[in-house]
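Residues per chain are reported as follows:
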Amino acid sequence: MSEADKSARMPTSAADAGLRRATLEIEVEGRTELVALALRDGEWIATSSDGERDGPHVLAALRALGLQQTNAAGHARSEKPAALPEAHAFAALTEILGDLLTAVVRTGVDEARQAPSVTEALATLKESLPTPAPLGIARGIGRLRDALDKRDAEEVANMLDGTARLVAALRDSGGAPTPRVSAWLGRVDATLEGGARGPREELSDRQLLEVGRGALSGFQRRSLIRRHLLCLRSGQVYREDFDRSSDGTAGPSPRVLRVGLAEGYPGPEPKRIRLMQYEVVPRVTPQELEKSATHARRDFEALTDYYRKSVRAFPALAEPFVLIAGSHYDFDSAADSSGRRIALKGEGGELERLAQLRARAGVRWLAGTLSDEEGIIVLAVHSACVARDGELVFERIH
Amino acid sequence: MKRFEPRIERLLDTLARGIGSESADEARNELALRAEADDEDVARSLVQIISACAIATAGDAQPARPSDPGRGKGSASGSPDASLLGQLVGEGKVDQLDDADTLLGVLRAGTLSQRRAAIRRIVARIESREFRGEVQKRVATEIYAIRDVELDFELEAARALLMGRRAARADRDDWERTLSTLEESIAEFWEAASTGEPVSELPSLTRARLLLRLRDASDIVAAHVGALIEGNEGTDALALLTSLRHAADPRLVPSLGVALEDDRLAVAVEAARALRRIDDPRVPSMLLAAYNRSPRDSFRAIVGGSLADHGDPIARDYVRGLLDREDTVTLSAAVEAMESLGGVEDAEALAKLLDHPDELLVRSTVRTLGRVSDGRGLRSLSALRAKTTSSSLRAEIEDAHNAILARLELRGEEPTPDDTQAIEIEPDTPRIGGKRFAAWRSFLIGQAWLAIGAKRAGMKRLERASQLRPGWSSPYISMGLAFTRQEQHAHSLGAFRRALEADRRRVERSPIIMRALARSFIARAEQVEQEGRSDVAHGLVREALSLDLRWASGPQRFELERRRAALGRGLPA
C-alpha cells in the first residue's frame, strides 16, 4: 500500500465533539482503502492510502464522520505530491526553531536583540535554509527582528507563537506539505525541499488591480518585495511576494493585471498568488476603480473579526490587507456608519498626504495592512481611491 | 491603562524580562506547568497565552479622539535669518508680497522654495493685471534672463503668459501631442506590444523637457517613470534619477523612497537630491530616517541638505564640521548641502574652498556662496573671477554675484565699492581691417544666397568673407546657424568654434547663437556616441559645458549635464 498524504480544509464540527484523530477503512465500489484524519491547528488533515484527496474513499470517510469538504472556493487540484520529504528533512530545522524560541524567551524581549544566544540562533537558522530562503520563513523572521528592535513583547509573542506552531506542525506531520508548513517553508510554487507541493488553487480569467506595493524586512532589512492585488471579481486581496534579488511581475503602480493563469495558495492572509500568464495594463479606468470600491469593507466590527480570525489562524505570517470605506474620516482615524472607529497610520507623512488629498477630493476607499496596537485596530495606509473632479483616481500613498 | 488582566500582564512582564531571571518559577506557576517543565515548554506556553489574549482583545480599544497634525512646513526650522528673507520662510509667506522689485529680489536671492513661490506670485500678479506697463516689462526682462534649471517648470508658466496666448497655446498643443503619443507608447510597452522603453527612446531634448516638467504629464507617465526608478526595465536607474533631479513631482515620492534605500550609494544620493525638490509631507520623515540610518558622511550631508530644504536644519552643525575634510567627495557633498543649510556666517569658511584644485568643487562653492553669502563673499568671488579663464566659471561667478547683491538689497545693505570692482564687464573692442568692405560685401551676398535657399553658394561667400577679414565672427556665426538648420552638426561645430575664437563674448551673449550651438553639441555628441565613440562624445559634452551656457535653454543645459554625468561613469548617455 502506497503511503500518500493529502490535506484538505474541513469544518471543525467533529472537533467540537471531541474528535481529534481517526483512521477509517472504507470500501467503495469493491475497493478498500484506509483514510486517516487528524485535527491539526484547527484544520483537518486527511491522509488517504490511494493518493486521491477528493477521491471517493476520502469523501465517503468525511460523510461517515458528518464532515463535508469546504475547500470549494477555488478549484482545488487533486494532484499527487511529487514526493514526500523524508521525515528528518526538517528535523534539524525543527530543533533550530525550537532553540530560537527558547533563546528569545530565556533572554527576554528587552535584551534579546543584543543577546549572543539569539544572534547565534538566528545565524544558525539562516545557515540551515537554502538560498534564497523560503519567503514565508524569511518574512516571519523579519517580523520577529522588527518586533525585537521595537521591544514589543506582544508582537514578539505573536511571532514566537507562529514559530511554535510551525515547530509543532513539523513534528506532528513529519514535514507533510500542510498549509502551515507550505506557508512557512514553501518556495514560490509552494514546493518544499524534497519536492512535495502544498495545496493550491488554480485561478484564471481574473482582473487584478494593484492596490499596494512595498519592501518588507526578511533576513535583511527590506529584502522582500510585496505587491497587493485586488481581484475585481471576488474582492479577495492576494499578495505577490518575491525576493529582492529576483524578478516579480512587471509594471507600474497602479496597474491592472489580466490574468490568464495563476495559482493561489491557502495560508496566511492575504493569500499568496503566483502569476503565470498575465497581461499588464498600465491604465486603470474609473470603471475598474468603481468596481474595486464595491469590495471595500464598510463594517468595522466585521473587519475586527476578520483581523482576529486571520491572525489566530496564522500568527507571525498573517498580515491582513483590506480596502475600507469609512463613513467619516479624521486625520488619523476612520469611522463606519455605526460610529466604530479604527486608527489610520503612516510611516511618516502619509497621513498628512492623505489629509491633503481629502481637502481636495472625496475618499472612496483606503487600502492598507491591518495590525493591532495596544488593542486598537490600525490600518497602515498604502493607497487611496479618491473622486477628483467627479472621476475616480488611484493615489499611491506609501 | 493596562491592556490585559493582571495575570496576563505579569506573563507579559516575564516575557519582557526573560525566564532566565529569577521569575522563571513564578512563570511556571502562572502557566500551571510542573516545576520540572523544560524551558521550551515554558516558552511555548508563555507566547501562546499572550498571543491568544492579544488576538482576542484586538479591536476592543478605540482610537483616541481625532487629533490634528498641527505641523506647519518650515515651522520647525526656526530660521536664524531675521531679515526679510528669513521672514519669508514658511508656506504662503512669499504670497503676501506685492512689490515687483521685492519679488524679483527674492527670485534672485531666495531659497529654492522662495524662488519658486516668487515666480508663482509674479504669474498671479500678471494674470490679475496688477503688473502692467513698465513694471510688466521689467518683470518680463528678468523672467527671460533667468537661466536656473531648477525653476524651469515655474518659468515655463510665466513665459507662456508673457509670450502671448496664441504662441503659448501652440506650444502647449504641441507638447500635449508629444505626451499623448508617449502615453500610447507606454501602454504598448507594458502590454508587451513593443520592446523599446519609451522614455529612453525619446529624442534627448524632448526627454529632458519631459523629466523637467513631469508635473505636467498624466498619471500614467508618472507611474511609468516611477516603475523605471523602482525596477529594472532595461534602463539605468542612476541616469534616470539624475535627470529627475528637478522634476519635483510628488507622485514620484514612493518610488524615490525605494531608491533612497538602495544599496548603491550613488542611486541613494540622487534620490535624496530629487526628494529635496519635492514639496510633499512624506518627504521629511523619509529623509530623516535615511539621515539617521546611514554612516556615510557624503550621503548624510546630501540628505541633511535636503532636509533643510524641508524645514529641518538638524544636520547644520554636522555638515559644517565636514567643510575641513580633505576628501573631495565628502567636501563636495558638504558644500552642496550648505546651499540649504548655510548662512552668512559660513561665507568665510566657504570662500577658503575657492582655491581648491578641483574645478567642480570650486563651481559648487561659487553656487553655494551665491545662495548663502553676504558682502563678504563678493570679494572672494571678485578675486576668483580676476584669475579664471573659464567662461562657464565666470558665468557662475556672475550669477552668484547678482544673487548676493539682491540679498544685500533685501537685507537693506549695500556692497562696498571694492566688492564689485573685479566683476565689471569689459566693453567690446571695435575691429578694423583693411579689407573690411569686401568682407562685408561677401557676407551680405552670402546671407542673401542662403535666404533664397542657395546653400552652397551662400557658404562659399561666407567662407570668402571670413578669409577677407580674419577674426570677424559674423560669417562663422551665419555658417554655424545655417549648418545647424540643415542638421549638419559636424560642420556647424567647426563654424561655431571659429566664431568663439573670434569673439567669444558676442557668441556667448546671444540666446539664438547659444541655443543653436548647444543643439549642435548635443546632437553631434549623440551621433558620435551611437557610432561607438564615447570618448569623443564625452569630450564634446565637456567642451560645451566649459562655455557660458546661460543663454542656452534650460533643457539643453540639463541634457548636457546629464550626458556628462552618464558618460563620465562610462555609461551610455
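Before reading on, note that the structure itself is shown above.
Rules used throughout
Residues numbered from 1 in each chain as written. Chains lettered and ligands numbered in written order. Predicted model: local features only at pLDDT ≥ 70, side-chain atom pairs only at ≥ 80, totals over all residues. Heavy atoms only, no water. Helix = DSSP H or I, 4+ residues; strand = E, 2+ residues; numbered from the N terminus. Contact = heavy atoms within 4.5 Å. Areas by Shrake-Rupley, 256 points an atom, 1.4 Å probe, with all protein chains shown as cover. Lys, Arg positive; Asp, Glu negative; His and termini not counted. Charge placed at Lys NZ, Arg CZ, Asp CG, Glu CD. Expected span 1.5 Å × (residues − 1). Buried < 20%, exposed > 50% of the residue type's maximum accessible area, 1.4 Å probe, protein only. Arc of directions from axis to C-beta. Phe/Tyr/Trp six-rings, centres within 6.5 Å; stacked < 30°, edge-to-face > 60°. Axes fitted to C-alpha atoms, helices over the stretch in contact; angles between N-to-C directions. Parallel < 35°, antiparallel > 145°, perpendicular 65-115°, else oblique. Left-handed = near helix turned anticlockwise from the far one by under 90°. Nonpolar A, V, L, I, M, F, W, Y, C, P; charged D, E, K, R; others polar. Buried area = accessible area lost by both parts, 1.4 Å probe. Salt bridge = Lys/Arg side-chain N within 4 Å of Asp/Glu carboxyl O. Patch = residues over 30% accessible without salt bridge, like charges linked within 9 Å, V, L, I, M, F, W, Y side chains within 5 Å.

Participant: Got a minute to help me understand the overall build of chain B in this structure?
Facilitator: Within chain B one finds 30 helices and zero strands. With respect to the three principal axes, the spread of C-alpha positions in chain B is 115 × 65 × 50 Å. For chain B, contacts bridging at least 24 residues in sequence account for 63% of all contacts bridging at least 6. Per element, the accessible surface of chain B, about 26,200 Å² overall, is 49% carbon and sulfur. If you average the places of the 85 positive and of the 91 negative side-chain charges in chain B, the two averages end up 9 Å apart.

Participant: Help me out: how do you make sense of helix H29 (residues 534–545) of chain B in this one?
Facilitator: Since there are 3.6 residues in each turn of an α-helix, residues three or four apart along the chain are aligned in direction. Residue and element names in this part refer to chain B. Relative to the 16 Å expected for twelve residues at 1.5 Å per residue, H29 spans 16 Å between its end C-alpha atoms, a close match to the ideal helical length. Of all the positions in H29, only Ala537, His538, Leu540, Val541, Ala544 and Leu545 are classed as buried. Seen end-on, H29 carries its buried residues on one side only, within an arc spanning 160 degrees. Buried positions along H29 lie against helix H20 (359–372), helix H22 (391–410), helix H27 (489–508), helix H28 (511–530) and helix H30 (554–568).

Participant: Any chance you could explain the packing of aromatic side chains here in plain terms?
Facilitator: Describing an aromatic ring pair means giving the distance of the ring centres and the angle of the ring planes. Residue and element names in this part refer to chain B. Taken as a whole and judged by the stated rule, the model has six aromatic pairs over all chains. Seen from their ring centres, Phe189 and Trp190 are 4.9 Å apart, and the 70 degrees between their planes marks the pair as edge-to-face. Like Trp190, Phe189 is buried. Measuring from centroid to centroid gives 5.8 Å for Trp440 and Phe443, while their planes differ by 85 degrees, and the two rings are edge-to-face. One end of the pair, Trp440, and the other, Phe443, are both in helix H24 (residues 436–451), three residues apart, so they sit about a helical turn from each other.

Participant: How do you make sense of the packing of helix H5 (residues 100–109) of chain B against H22 of chain B when you look at a structure like this?
Facilitator: If you want to describe how two helices pack, look at the angle between their axes and the distance between the axes. All names here are of chain B. Where H5 meets H22, the axes come as close as 8 Å, and the angle between the chain directions of the two elements is 135 degrees. As the angle between them shows, H5 and H22 are arranged oblique. Both H5 and H22 take part in a crossing whose hand is left-handed. For the pair H5 and H22, contact is made by Thr102, Gly105, Val106, Arg108 and Ala109 and by Asn402, Ala403, Ala406, Arg407 and Leu410, respectively. Its residues assigned to classes, the contact of H5 with H22 shows five nonpolar, three polar and two charged.

Participant: Please explain the interface of chain B and chain A as it appears in this structure.
Facilitator: Interface size is often expressed as the accessible area that is lost when the parts come together. Each partner contributes residues to the interface: chain B has 57 residues there, and chain A has 60 residues. Interface area for chain B against chain A, summed over the two sides, is near 4,900 Å², with a carbon-plus-sulfur share of 55%. Contact with chain A buries surface across chain B, with Ile55, Trp190 and Arg282 of chain B losing the most and accounting together for 13% of the total. Taken together, chain B and chain A are joined by eleven salt bridges. With a shortest N-O distance of 3.3 Å, Glu184 of chain B and Arg283 of chain A are connected by a salt bridge.

Participant: Would you take a moment to explain a positive patch on the surface for this structure?
Facilitator: All names here are of chain B. Taken together, Arg129, Arg132, Arg165, Arg166, Arg169 and Arg172 make up a surface patch of like positive charges. One can find Arg129 in the loop between helix H6 (112–127) and helix H7 (133–145). When its relative accessible area of 58% is taken as the criterion, Arg129 is described as exposed.

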